[in-house]
Amino acid sequence: MIFESHQSHVATQHTPRDFGYFRSRWSCETLAHLLAFETGQRLSGETIRRGLHRLGLVWRRPRPVVGPADPEHAEKFQRIQQLLENLSPQDVAVFQDEVDLNLNPKIGNMWMKKGQQAEVVTPGNNQKCHVAGSLIWRTGTLLVSRPHWRRNTVQFLAHLDDLRSRLRGYRKIHVICDNAKFHDSRAVKAYLQKWNHRIEVHFLPKYAPQTNPIERVWWHLHETITRNHRCQTLEELIDQAYEWFEVNNNHYLDMRHSFAKAA
């Protein structure tokens, strides 16, 4: 049990590189090798696996978390909150972002027979496009523009044009988005200088995707449409995604909940 406890600590608190191994994560065989090197006790990888299970360790996928933090996170988020709280009835605020649609499907859990692993066929040579969308703060309505082959300034400006057209009943559009470089390029600055009476861009804290409620919409899109999809062409996948956008075009409760959670 002492050896098991030691291996549990090593497996959860260190990486193989800490001990000179050319690996990024532990295997049972590597833990067995380390135990033999440090104590002279030779155990099989299977014995190590059973010992770790007895201590409550399981082999599963970790949850990714964002590493760096914006030192001005609190101030930037507070400014966004104040903007939304003091928004004039003549103005509108939207949370904007882009999402990728990949012909190679995202892999997700699915039902399958015990002892048999289901297969998801992928085309091999991936094709993808990018969709720009905005979530209206007051209503939760989702506005998406036509897909683009590249996620860049051209796409962002086309989406801003789309917002000006579709939200022409409002005096000013406040676009809240992340800090992607193409959201603040010279071309975007020139565009905003020309249309500053109609559009203003506000940036969320850096390294904080959880502060953008539209990320939750993209999560629903992937869970419903793109994970394990069987589309043979990118055009087929795009059609399915835009059909989903049309049917699921209101995300008010999700939007309010995710923004409040990020506060």
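Residues numbered from 1 in each chain as written. Predicted model: local features only at pLDDT ≥ 70, side-chain atom pairs only at ≥ 80, totals over all residues. Heavy atoms only, no water.

### Looking at the overall build of the protein chain
Just so we agree on the cut-off: Each helix is a run of H or I in the DSSP string that is no shorter than four residues. Each strand is a run of E no shorter than two, and both are numbered from the N terminus. A radius of gyration in this sense is built from C-alpha atoms; the matching globule rule multiplies 2.2 Å by the number of residues raised to 0.38. To sort residues, take the accessible area from a 1.4 Å probe on protein chains only and compare it with the maximum for the residue type: under 20% means buried, over 50% means exposed, and anything in between is partly exposed. Contacts were defined at the residue level, with two residues in contact if any of their heavy atoms lie within 4.5 Å. Here the accessible surface of atoms and residues is derived via Shrake-Rupley with a 1.4 Å probe, and residues count as covered only by protein chains that are part of the display. Counting rule applied: Lys, Arg positive; Asp, Glu negative; His and chain ends not counted. A charged residue contributes its charge at one atom only: NZ of Lys, CZ of Arg, CG of Asp or CD of Glu.
Scanning the protein chain for helices and strands turns up nine helices and five strands. Ordered by position from the N terminus, the helices and strands of the protein chain form the series α-α-α-α-β-β-β-α-β-α-β-α-α-α. On C-alpha atoms alone, the protein chain measures out to a radius of gyration of 24 Å, which is more than a quarter above the 18 Å that the 2.2 N^0.38 rule sets for 263 residues. Its C-alpha atoms give the protein chain principal-axis dimensions of about 75 × 45 × 35 Å. Expressed as a percentage of the 263 residues in the protein chain, the buried residues total 41%. Partitioning the contacts of the protein chain with sequence separation of at least 6, the portion at a separation of at least 24 is 72%. With the model as given, the accessible surface of the protein chain reaches about 16500 Å², and the carbon-plus-sulfur share is 51%. Computed over 36 positive and 27 negative side-chain charges, the separation of the two mean positions in the protein chain equals 2 Å.

### Things to note about the state of the cysteines
The following threshold applies: Disulfide: a pair of cysteine sulfur atoms within 2.5 Å of each other.
Taken as a whole and assessed by the stated rule, the structure comprises zero disulfides. In this structure Cys231 is not part of a disulfide, and its nearest cysteine sulfur, from Cys129, lies 11 Å away. For Cys231, a relative accessible area of 7% corresponds to the buried category.

### A few points about the layout of surface pockets
As a reminder of what qualifies: Using only the protein atoms, space was sampled on a 1 Å grid; points where a 1.4 Å probe fits but cannot get out form cavities, open sets with protein on both sides within 12 Å along at least five of seven lines form pockets, and lining residues are those with an atom within 4 Å of a point. Grid points are joined across faces, edges and corners, and a volume is the space filled by probe spheres set on the points.
By volume, the largest pocket is sized at about 1400 Å³. Looking at the largest pocket, it is lined by 31 residues, and the ones nearest its centre are Arg63, Pro64, Arg216, Trp219 and Arg227. Those elements giving two or more residues to the lining of the largest pocket turn out to be strand E1 (91-102), helix H7 (214-226) and helix H9 (252-262). For the lining of the largest pocket, the element with the most residues is H7, which contributes six residues. Space inside the second largest pocket adds up to approximately 650 Å³. Around the second largest pocket sit 21 residues that line it, and Ala11, Trp26, Val58, Trp59 and Arg60 are the ones nearest its centre. Mapped by element, the contributors of at least two residues to the lining of the second largest pocket are helix H1 (2-13), helix H2 (28-39) and helix H3 (45-54).

### Description of the environment of Thr233
Test applied: Under the rule applied, a polar contact is a pair of N or O atoms within 3.5 Å (in protein, one hydrogen donor and one hydrogen acceptor; residues adjacent in sequence only if both atoms are side-chain atoms).
With respect to the secondary-structure elements, Thr233 resides in the loop between H7 and helix H8 (234-247). Classification of Thr233 as partly exposed rests on a relative accessible area of 36%. With 129 residues separating them along the chain, Thr233 and Asn104 place their C-alpha atoms 9.8 Å apart. Reaching out from Thr233, the side chain makes a polar contact with the backbone nitrogen of Glu236 at a distance of 3.1 Å.

### A short note on H9
Cut-off, in case you're wondering: Think of the arc as the fan of directions from the helix axis to the C-beta atoms.
Among the residues of H9, Met255, Ser258, Phe259 and Ala262 are the ones counted as buried. Each buried residue of H9 sits inside an arc of 100° when the element is viewed along its axis, so together they form one side. Exposed residues lying more than 90 degrees from the buried face of H9 are Leu253, His257, Ala260 and Lys261. Contacts from the buried residues of H9 go to helix H4 (73-85), E1 and strand E2 (128-136).

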